[in-house]
Amino acid sequence: MSSKNSLLFAMSVAVAAGAHAQESGAGAGVKRTVTLVPRVSVSETLTDNVRLSSTGKQSEQITEISPGIRLSIESARLKTFFDYSLSEVVYAQNSSPGRSQNALNTFGTFEAVDNWAFLDFSGSISQQAISAFGTQSIGSTSINSNKTEVSNYRLSPYLRGRVGSLANYEARLSRTLTQSDSAAGSGVATTDGSVKFSGGSGFRSLGWSADLSQQRVDYSAGRPTEVDQVNLGLSYALTSQLNVFASAGRESNNYTSIDKKAYDTSSVGLTWTPSEMTKLSASQSHRSFGDGFALSLEHRTARTVWRFSDSKDASATPSQAGIASLGTVYDLLYSQFASLQPNPVLRAQLVNTYLQANNISPTATVVTSSLTSAVSLQRRQDLSFVLLGVRDTVTFIATRNESTRLDTVSVGIDDFSSSSVVRQNGFNVNYAHRLTPDYSLGVLLSRQNTSGVLSTQDSRLQSLNVSVSGKVGKQSSATLSARRVVSSGITSSYGETAVTGNLNVQF
């Protein structure tokens, strides 16, 4: 399925669900909030190196026209957020033919039957790197053969309820499609099914759980992999704030073999929540590939968010965690505003308004993902911080990631075809200052390092972006920014300086 076809699919889901919500709520006295904001954005970029070349730099004037729409629905049955834009990019010096780029961020939940049947859905379209060892770039208008448009969609219907007074249950089926415009690692289709039961016991603090799950991952450039799991677990609340748990089970997969093989599994862990503002969770598991673990810590104050995570686990796709990953400024603020607005749809609106008012890029990331064609083993560490001041906002994100191919049988072509390990680390610092009630200054500094087993695979990307933005009318805003990008590496070395002016009008 192409990105455009996937987009039509996502839009049809959102529209159909929205229409159903309006129809089902009519006459029922249910208060609905529907917000629809059309917009158009026009950008002009002057760059001294549009092809990101180390020699023979070519200057270019790039025009980008981006109509878009933002829709949010808050009703008794449907809660959804939908933001889409289509950009037409034109090169004045004919460095490249004009092209179209999609950008999408959507998520929501539809309650089909009261307190029993639900549908979760989400989708995203963005520009991503094909290879971690290829040329990396800032922005999406440079001519870079190592970038492609990637779409990711997920539909997940599920049932949730109780079996008498014995247990709670949840039965869920999920379908995730990841597609790119590149032939390398271009498509991944994941199907997950699970049934979970949980309940208490005669002892007030003792609980139990039983989980059955099955997953199949189909790679268009690799072979399909499957995993079946069954787990039985016990949990015990030592205090109202501290809970410990343990589980044992059986796993069958074909990660390292043609046919599925069975393995014993186990895990132990704890969750500690000393307050509503602080949460710590830690677990260690024994899987077919060895020991895995997950550690996460989050602490919030009135104006700050501190987050740290460290994990080691199998990864079917780079984006399998979904759109709410740790690595963007949007996600940090989405977490920070949880205390202000618990409703996810209204919170998304609040975050977008705040980002626009303070000239902060919502998609600012540290380490870019790349396309894969087989299951990998991933060790990832993330540290992030955000400070919300009266006139100043500071965000800091640092990431370290190390991946190896777990599926040693696959002959799919990706970064692991030339290196047994892919290492990436970097940081991103963003400072925003409100100059006046209507104007703000933004400074963004980022750095990314990538390495493999060969010296030719080592590279470093550094960038500095300074911008000023503000209102120029009741429904319009403008931004003027300048950036300097330096990439160093044997195969991807270049420097670029660019100036961009942007006008955004809402209707």
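Source: prediction; values computed, not measured. Within each chain, residue numbers correspond to sequence positions counted from 1 in written order. Only residues with pLDDT of 70 or above have their local features reported here, since the model is predicted, and side-chain atom pairs are shown and tallied only from 80 upward, although totals for entire chains, interfaces and linings are computed over all residues. To obtain the side-chain values, all non-hydrogen atoms of the structure were used and water was disregarded.

**Describing the overall build of the chain**
So, point 1. Of the regular secondary structure elements, the chain holds 3 helices and 22 strands.
So, point 2. Partly exposed residues are those whose accessible area sits between 20% and 50% of the maximum for their type, while under 20% is buried and over 50% is exposed, using a 1.4 Å probe and protein chains only. The buried share among the 507 residues of the chain stands at 43%.
So, point 3. Within the chain, residue pairs in contact and separated by at least 24 positions form 57% of the contacts whose partners lie at least 6 positions apart. Helix and strand labels come from DSSP, where a helix needs a run of H or I of at least four residues and a strand needs a run of E of at least two; each type is numbered from the N terminus. It only takes one pair of heavy atoms within 4.5 Å for two residues to be counted as in contact.

**A short note on the side chain of arginine 70**
So, point 1. With respect to the element layout, arginine 70 can be found in strand 2 (residues 60–74).
So, point 2. We define a polar contact as two N or O atoms separated by no more than 3.5 Å, with the added condition that, inside protein, one atom must be a possible hydrogen donor and the other a possible acceptor, whereas residues neighbouring each other in sequence contribute only through side-chain atom pairs. Side-chain polar atoms of arginine 70 contact the side chain of aspartate 83, separated by 2.7 Å.
So, point 3. The residues contacting arginine 70, other than those within four sequence positions of it, are Thr35, Leu36, Val37, Arg39, Phe81, Phe82, Asp83 and Asn352.

**Points about helix 3 (residues 344–357)**
So, point 1. One less than the residue count of a helix, multiplied by 1.5 Å, gives the span that helix is expected to have. For helix 3, with 14 residues, the first-to-last C-alpha span of 20 Å sits near the 20 Å given by 1.5 Å per residue.
So, point 2. Within helix 3 the residues assigned to the buried category are Val345, Arg347, Ala348, Val351, Asn352, Tyr354 and Leu355.

**Topic: the packing of aromatic side chains**
So, point 1. For Phe, Tyr and Trp, where Trp contributes only its six-membered ring, two rings pair if their centres lie within 6.5 Å, and the inter-plane angle classes them as stacked under 30 degrees, edge-to-face over 60, or tilted in between. Across all of its chains, the model carries 3 aromatic pairs by this definition.
So, point 2. Each ring, one from phenylalanine 118 and one from tyrosine 158, has its centre 5.1 Å from the other, and the planes form 15°; the classification is stacked. Here the residue phenylalanine 118 occupies a position in strand 5 (residues 117–129), and tyrosine 158 occupies one in strand 6 (residues 147–163), the gap between them amounting to 40 residues.
So, point 3. Owing to a relative accessible area of 9%, phenylalanine 118 belongs among the buried residues under this scheme.
So, point 4. Between tryptophan 306 and phenylalanine 385 the ring centres are 4.3 Å apart and the planes differ by 50°, which places this aromatic pair in the tilted class.

**Here's the deal with the pairing of strand 6**
So, point 1. Here, strands pair whenever DSSP counts at least two bridges between them. As paired elements, strand 5 and strand 6 share 13 bridges and run antiparallel to each other. Paired with phenylalanine 118 across the bridge in strand 6 is tyrosine 158.
So, point 2. Taking the residues between adjacent antiparallel strands as the criterion, strand 6 and strand 7 (residues 167–180) are bridged by 3 residues, where glycine 164 takes a positive phi near 55°.

**Comments concerning a nonpolar patch on the surface**
So, point 1. Residues Val163, Leu166, Val195, Phe197, Trp208, Leu212, Val230 and Leu234 make up a contiguous nonpolar surface patch of roughly 670 Å² in combined accessible area.
So, point 2. Among the secondary structure elements, those contributing two or more residues to the nonpolar patch are strand 8 (187–200), strand 9 (206–219) and strand 10 (225–237).
So, point 3. For valine 230, the location among the structural elements is in strand 10. Each patch is built from residues that are more than 30% exposed by relative accessible area and take part in no salt bridge. Like charges join if they lie within 9 Å; nonpolar side chains (Val, Leu, Ile, Met, Phe, Trp, Tyr) join within 5 Å. Here the Shrake-Rupley method, with its probe set to 1.4 Å, supplies the accessible areas, and only the displayed protein chains count as covering residues. The term salt bridge refers to a pairing of a side-chain nitrogen on Lys or Arg with a carboxyl oxygen on Asp or Glu at a separation within 4 Å.

**Quick notes on the pairing of strand 5**
So, point 1. Bridge count for strand 4 (residues 99–113) against strand 5 is 9 bridges, and the pairing is antiparallel. Looking across to strand 5, one finds that glutamate 111 is bridged to phenylalanine 118.
So, point 2. Linking strand 4 back to strand 5 in an antiparallel pair, the connection comprises 3 residues, with asparagine 115 at a positive phi of about 55°.

**A word on the nonpolar core**
So, point 1. Counting residues in hydrophobic clusters, the biggest one holds 13 residues, and the most contacted among them are Phe107, Tyr330, Leu333, Tyr334, Ala348, Val351 and Leu388.
So, point 2. Counting residues per element, the ones that place at least two in this core are helix 2 (329–336), helix 3 and strand 16 (376–388).
So, point 3. Grouped together as the second largest cluster of nonpolar side chains are 11 residues, Val188, Val217, Ala316 and Leu406 included. Throughout, nonpolar core names a set of buried Ala, Val, Leu, Ile, Met, Phe, Trp, Tyr and Cys residues whose side chains join them through atoms within 4.5 Å.

**Points about the pattern of salt bridges**
As a working rule, side chains carrying opposite charge can pair if their charged atoms are close by.
So, point 1. Applying the stated criterion across every chain yields a total of 20 salt bridges.
So, point 2. We note a salt bridge from glutamate 298 to arginine 300, for which the minimum N-O separation is 3.6 Å.
So, point 3. In this structure, aspartate 382 and arginine 380 form a salt bridge, with 2.8 Å as the shortest nitrogen-oxygen distance.
So, point 4. Looking at aspartate 382, the relative accessible area reads 5%, which means it is buried.
So, point 5. When its relative accessible area of 24% is taken as the criterion, arginine 380 is described as partly exposed.
So, point 6. Here the salt bridges share partners, and the residues they tie into one network are Arg216, Asp218, Glu226, Asp228 and Lys260.

**Some remarks on unusual backbone geometry**
So, point 1. Of note, leucine 52 is a non-glycine position whose phi angle comes to about 55°, a positive value.
So, point 2. Among the structural elements, leucine 52 can be located in the loop between strand 1 (33–47) and strand 2.
So, point 3. Residues other than glycine seldom take positive phi values, yet asparagine 94 does so here, at roughly 55°.
So, point 4. Mapped onto the secondary structure, asparagine 94 falls in the loop between strand 3 (78–91) and strand 4.

**Quick look at the confidence of the model for the chain**
So, point 1. Taken as a whole, the chain shows an average pLDDT of 86; of its residues, 87% reach a score of 70 or greater.
So, point 2. pLDDT measures the predictor's confidence residue by residue and takes values from 0 up to 100. pLDDT under 50 marks residues 1–29. Its contacts with residues more than four places away, or in other chains, come to 39 contacts.
So, point 3. With pLDDT under 50 throughout, residues 319–327 is counted as low confidence; its partners more than four residues away or in other chains account for 23 contacts.

**Observations regarding the environment of serine 54**
So, point 1. Along the polypeptide, serine 54 turns up in the loop between strand 1 and strand 2.
So, point 2. Assessed through its relative accessible area of 53%, serine 54 is described here as exposed.
So, point 3. Look past the residues within four positions of serine 54 in its chain and what remains in contact with it is Ser493 and Tyr494.

**Thoughts on the environment of serine 296**
So, point 1. Tracing the chain through its elements places serine 296 in strand 14 (residues 290–300).
So, point 2. Relative accessible area serves as the criterion here: at 31%, serine 296 is assigned to the partly exposed category.
So, point 3. The spacing of serine 296 and leucine 383 is 87 residues in sequence and 9.9 Å in space, taken between C-alpha atoms.
So, point 4. Reaching out from serine 296, the side chain makes a polar contact with the side chain of serine 281 at a distance of 2.7 Å.

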